[in-house]
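Below, each chain spelled out in residue letters.
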Amino acid sequence: MKKKVIFFTDARLIVQFQKGDIKGFNALELRHGKRLIAFLFSHFHLLQNCEDACQKFRLSAYIKFMDRTYIEKNHFPQWMQTSAFHIFLLKFTPPLAPSPSPIILNSPVKILN
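Thresholds, definitions, all that
- Residues numbered from 1 in each chain as written.
- Predicted model: local features only at pLDDT ≥ 70, side-chain atom pairs only at ≥ 80, totals over all residues.
- Heavy atoms only, no water.
- Buried < 20%, exposed > 50% of the residue type's maximum accessible area, 1.4 Å probe, protein only.
- Helix = DSSP H or I, 4+ residues; strand = E, 2+ residues; numbered from the N terminus.
- 1 Å grid on protein atoms, 1.4 Å probe; cavity = no way out; pocket = protein on both sides within 12 Å on 5 of 7 lines; lining within 4 Å.
- Points joined across faces, edges and corners; volume = space filled by probe spheres on them.
- Polar contact = N/O pair within 3.5 Å; in protein donor to acceptor, adjacent residues only side chain to side chain.
- Contact = heavy atoms within 4.5 Å.
- Core = buried A, V, L, I, M, F, W, Y, C linked by side-chain atoms within 4.5 Å.
- pLDDT = per-residue confidence, 0-100.

Asks: So what's going on with unusual backbone geometry? Which residues, and what values?
Replies: Located in the positive-phi region is His45, a residue other than glycine, with phi close to 60°. Assessed through its relative accessible area of 53%, His45 is described here as exposed. The phi angle at Arg68 is positive, at roughly 60°, despite the residue not being glycine. As for its placement among the helices and strands, Arg68 is situated in the loop between helix H3 (47-67) and helix H4 (76-92).

Asks: Hey, could you go over empty space enclosed by the protein for me, with residue numbers and the actual values?
Replies: Taken as a whole and judged by the stated rule, the model has one cavity of 30 Å³ or more. If you add up the space inside the largest cavity, you get close to 110 Å³. Phe25, Leu28, Glu29, His32, Gly33, Leu36, Phe57, Arg58, Ala61, Phe65, Phe76 and Met80 are the residues that line the largest cavity. Within the residue set of the lining of the largest cavity, elements represented by two or more residues are helix H2 (22-44), H3 and H4. When residues in the lining of the largest cavity are grouped by element, the largest group, six residues, is from H2.

Asks: Residues and numbers for the side chain of Asp10, please.
Replies: With respect to the helices and strands, Asp10 occurs in helix H1 (residues 10-18). Exposure remark for Asp10: the relative accessible area of 13% places this residue in the buried category. There is a polar contact of 3.1 Å between the side chain of Asp10 and the side chain of His32. In contact with Asp10, not counting residues within four places along its chain, are Leu28, Arg31, His32, Phe76 and Pro77.

Asks: Could you give me a rundown of the environment of Leu47, with the residues and numbers involved?
Replies: Of note, Leu47 is situated in helix H3. Expressed as a C-alpha distance, the spacing of Leu47 and Ile37, which sit 10 residues apart in the sequence, is 7.9 Å. Not counting residues within four places of it along the chain, the set of residues in contact with Leu47 comprises Ile37 and Phe41.

Asks: So what's going on with the nonpolar core? Residues and values would help.
Replies: If you look at the biggest cluster of nonpolar residues, it comprises 21 residues, and the most contacted ones within it are Leu40, Phe57, Phe65, Phe76 and Trp79. Breaking this core down by element, the ones donating at least two residues are H1, H2, H3 and H4. Other than its neighbours up to four places away in sequence, Phe65 contacts Ile14, Phe17, Gln18, Phe25, Leu28, Tyr70, Phe76 and Trp79.

Asks: Hey, could you go over the confidence of the model for the protein chain for me, with residue numbers and the actual values?
Replies: Detailed reading of the predicted coordinates is not advisable wherever pLDDT falls low. Of all residues in the protein chain, 76% attain a pLDDT of 70 or more, and the chain-wide mean is 82. By mean pLDDT, the top-scoring element of the protein chain is H2 (93), and the lowest-scoring one is helix H5 (residues 102-106) (54).

Pasting the structure below:
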């Protein structure tokens with residue numbers, strides 16, 4: 001007789017983790033981990049940085065789940081990709097330097113008497 005495979009939704013796995021069962025979080029990681037790295041790599045092409053951003057996302061998700069501040073407004077995969085994308089941008093994208101105003105550079109200086 002075949003074993004019956006039980007699939008839990010992402011929401012049920014999160015609730016399982018919030019009740020103290022680490023298997024819920026591990027199942028989410030197994031289900032979505034490689035897909036998240038592939039998503040980031042398709043945009044940024046830097047594998048080590050993508051893996052670092054994924055690790056930082058896992059930590060932030062762990063904290064949100066334990067604090068019960070995660071709200072299922074949209075599907076977990078969409079939230080995961082959006083959050084990891086923003087983490088990557090904040091961590092690995094250099095800040096934009098302020099550009100000098102073209103008005104200041106191109107206008108002659110007038111001296112008032």
